[in-house]
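# Structural characterization, general
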Amino acid sequence: MSTLPDPSAGAAVKAADRAHVFHSWSAQGLIDPPAVAGAQGAYFWDYDGNRYLDFSSQLVNTNIGHQHPKVVAAVQEQAGRLCTIAPGFAVDVRSEAARLVAGRTPGDLDKIFFTNGGAEAVENAVRMARLHTGRPKLLSAYRSYHGATAAAINLTGDPRRWPSDTASAGVVHFWGPYLYRSPFHATSEEEECARALAHLEDTIAFEGPQTIAAIILESVVGTAGILVPPVGYLAGVRELCDRHGIVFILDEVMSGFGRTGRWFAADHFGVTPDLLTFAKGVNSGYVPLGGVAISAEIAATFDRRPYPGGLTYSGHPLACASAVATINAMAEEGIVENAARLGEDVLGPGLRALAERHRSVGEVRGMGVFWALELVKDRTTREPLVPYNAAGEAAAPMNAFAAACKKSGLWPFVNMNRTHVVPPCTLTEAEAREGLAILDEALTVADTHTV
């Protein structure tokens with residue numbers, strides 16, 4: 001794939017995009033989408049010759065990097081053999097993808113229902129929970145993102161929910177643990193864990209446990225802040241669910257498949273949910289794919305009772321072929337272990353060193369290749385660098401920081417007052433240090449907005 005500049009080709013791509021493509025989450029007349037000419041490994045580039053180190057993994061999904069040759073070859077081979085088949089047939093590549101996923105999920109999550117992405121995985125997981133329990137309500141955290149489809153967007157806690165919130169979807173939100181901005185006035189991880197669990201227990205009691213089908217949590221909160229739960233929190237939620245017959249769903253769409261340095265983030269905490277949703281890293285988005293891993297008990301609910309859900313492209317052969325190749329490559333090449341090592345030895349220490357040098361960094365948190373820098377105006381008061389859900393001029397300090405990153409060849413993931421450091425799991429140590437150096441330079445821009 002050529003990396004030579006070709007501005008005229010880029011202009012044509014942008015013109016066609018602006019004429020015909022309707023972009024997600026955007027005011028169509030106010031955006032200027034970059035025209036991408038190609039990508040390889042941890043980099044992508046435009047038609048003007050600008051190359052970017054991808055510290056966003058696009059939407060935190062290219063865990064295996066761009067254009068991994070084994071995955072590309074697997075899709076090509078499968079396309080030559082069997083491009084598509086309806087989900088009602090047994091197909092070797094679909095069965096193998098399911099086997100490989102089930103072999104890495106915790107506990108007895110041995111049945112896999114395939115979807116086209118993470119939001120559909122969440123939709124089907126909560127449907128299964130409601131049918132299994134016969135109960136209507138769903139509980140989810142305010143600091144969360146679960147997808148943009150009907151149930152998933154109502155489960156979501158961040159502001160993207162607001163325009164679509166029907167207030168009639170049977171969803172109740174609660175506060176999860178977040179020590180840096182503790183809603184429970186905690187001063188330690190232990191206090192935060194205990195008080196967050198007490199708050200959830202009270203919420204269950206006042207909502208009526210007999211009405212609650214499921215509690216859904218991101219094992220490590222992703223877009224809403226890279227919030228690693230304190231030790232004991234997920235186990236405590238598991239106990240509450242067991243006590244009240246509530247289905248426990250872990251959303252691993254973003255945190256799964258190596259992102260945290262384990263196959264699934266749940267592995268760090270020794271917790272097995274009843275349902276686990278996945279997508280993104282299962283095949284790095286090379287072909288759309290997601291799914292639900294299902295416990296034996298919930299799967300048995302549908303042994304003689306039809307499951308009322310399905311998708312034309314469920315377990316699509318091309319998507320499954322890319323998943324098989326991805327999982328095998330991750331195992332053969334030690335990619336999960338690489339993510340863990342980078343987090344422990346390079347990214348974690350490097351980001352904490354940045355915090356010591358830059359007064360705009362309030363907190364560093366994360367694991368593996370899943371990190372966040374929380375940027376603040378004042379370290380003492382912890383006032384965010386920009387207000388919650390800031391837009392326009394109010395968001396200018398974060399926009400200036402992001403522009404500084406891009407000018408130096410780093411593509412950041414910026415949300416609210418945070419920059420997330422979420423590169424591919426295949427990142428090399430040299431690439432990690434390149435990115436840290438650019439962040440160091442860009443944070444001087446953020447520092448100018450502090451007090």
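Here, the structure is the one placed above.
An account of the accompanying structure is given in this report. Quick caveat, the model's predicted, so the values are computed rather than measured.

This part covers the overall build of the chain. Looking only at helices and strands, the chain features 13 helices and 16 strands. Considering only C-alpha atoms, the chain reaches an extent of 60 × 60 × 45 Å along its principal axes. Within the chain, the fraction of its 451 residues that count as buried is 55%. Considering only residue pairs separated by 6 or more positions, the chain has 71% of its internal contacts joining residues 24 or more positions apart. As displayed, the chain has an accessible area near 18,800 Å², and 55% of this comes from carbon and sulfur atoms. Of note, the chain has its 37 positive side-chain charges centred 2 Å away from the centre of its 48 negative side-chain charges.

Judged by how many residues are buried, strand E12 (residues 370-378) sits mostly within the fold: eight of nine residues are covered. Where strand E11 (residues 361-367) meets E12, six bridges bridge the pair, whose relative direction is antiparallel. Along E12, the bridge assignment pairs Val 361 with Leu 375. Connecting E11 to the antiparallel partner E12 that follows it, the hairpin turn spans two residues, and Gly 368 within it adopts a positive phi of roughly 60 degrees. Pairing geometry for E12 and strand E16 (residues 418-421), over four bridges, is antiparallel. Each residue of the ladder has a partner; that of Trp 371, found in E16, is Val 421. Sheet topology places E12 next to strand E13 (residues 383-384); two bridges connect them, and they run antiparallel. Each residue of the ladder has a partner; that of Val 376, found in E13, is Pro 384. Counting the residues that bridge the hairpin from E12 to E13 gives four residues, and of these Arg 382 lies at a positive phi of roughly 65 degrees.

Think of a ball as big as a water molecule: rolled over the atoms, this probe shows where empty space is left. Scanning all chains against the criterion turns up one cavity of 30 Å³ or more. Approximately 140 Å³ is the volume attributed to the largest cavity. If you trace the largest cavity, you find 17 residues lining it, with Gly 176, Pro 177, Leu 217, Val 221 and Tyr 233 closest to the centre. Looking at the lining of the largest cavity, the elements that each hand over two or more residues are strand E7 (212-218) and helix H8 (233-244).

Spatially, the four strands line up as an open sheet ordered E1-E2-E3-E14, and their pairing is mixed. A single partner strand is all that each edge strand has here, and the edge strands are strand E1 (36-40) and strand E14 (410-411). Strand direction decides the pairing type here: E1 and strand E2 (residues 43-46), joined by four bridges, are antiparallel. Bridging across to E2, Gln 40 finds its partner in Tyr 43.

So, on to the pattern of salt bridges. This structure, assessed with the given rule, holds 22 salt bridges. Glu 77 is paired through a salt bridge with Arg 81; the nearest N and O atoms lie 3.4 Å apart. In this pair, Glu 77 and Arg 81 are both assigned in helix H3 (residues 69-81), four residues apart and thus about one turn of the helix distant. Classification of Glu 77 as partly exposed rests on a relative accessible area of 46%.

What the seven strands build is an open sheet, ordered E4-E10-E9-E8-E7-E5-E6; its pairing is mixed. Each edge of the sheet is formed by a strand with only one pairing partner; in this case those strands are strand E4 (111-115) and strand E6 (171-174). Neighbour to neighbour, the strand axes of the sheet diverge by 20 degrees on average, direction disregarded. Where E7 meets strand E8 (residues 247-251), five bridges bridge the pair, whose relative direction is parallel.

The rules we used
Residues numbered from 1 in each chain as written. Predicted model: local features only at pLDDT ≥ 70, side-chain atom pairs only at ≥ 80, totals over all residues. Heavy atoms only, no water. Helix = DSSP H or I, 4+ residues; strand = E, 2+ residues; numbered from the N terminus. Buried < 20%, exposed > 50% of the residue type's maximum accessible area, 1.4 Å probe, protein only. Contact = heavy atoms within 4.5 Å. Areas by Shrake-Rupley, 256 points an atom, 1.4 Å probe, with all protein chains shown as cover. Lys, Arg positive; Asp, Glu negative; His and termini not counted. Charge placed at Lys NZ, Arg CZ, Asp CG, Glu CD. Pairing = 2+ DSSP bridges. 1 Å grid on protein atoms, 1.4 Å probe; cavity = no way out; pocket = protein on both sides within 12 Å on 5 of 7 lines; lining within 4 Å. Points joined across faces, edges and corners; volume = space filled by probe spheres on them. Salt bridge = Lys/Arg side-chain N within 4 Å of Asp/Glu carboxyl O. Axes fitted to C-alpha atoms, helices over the stretch in contact; angles between N-to-C directions.

Treat this as a map of the structure, not an account of what it does.
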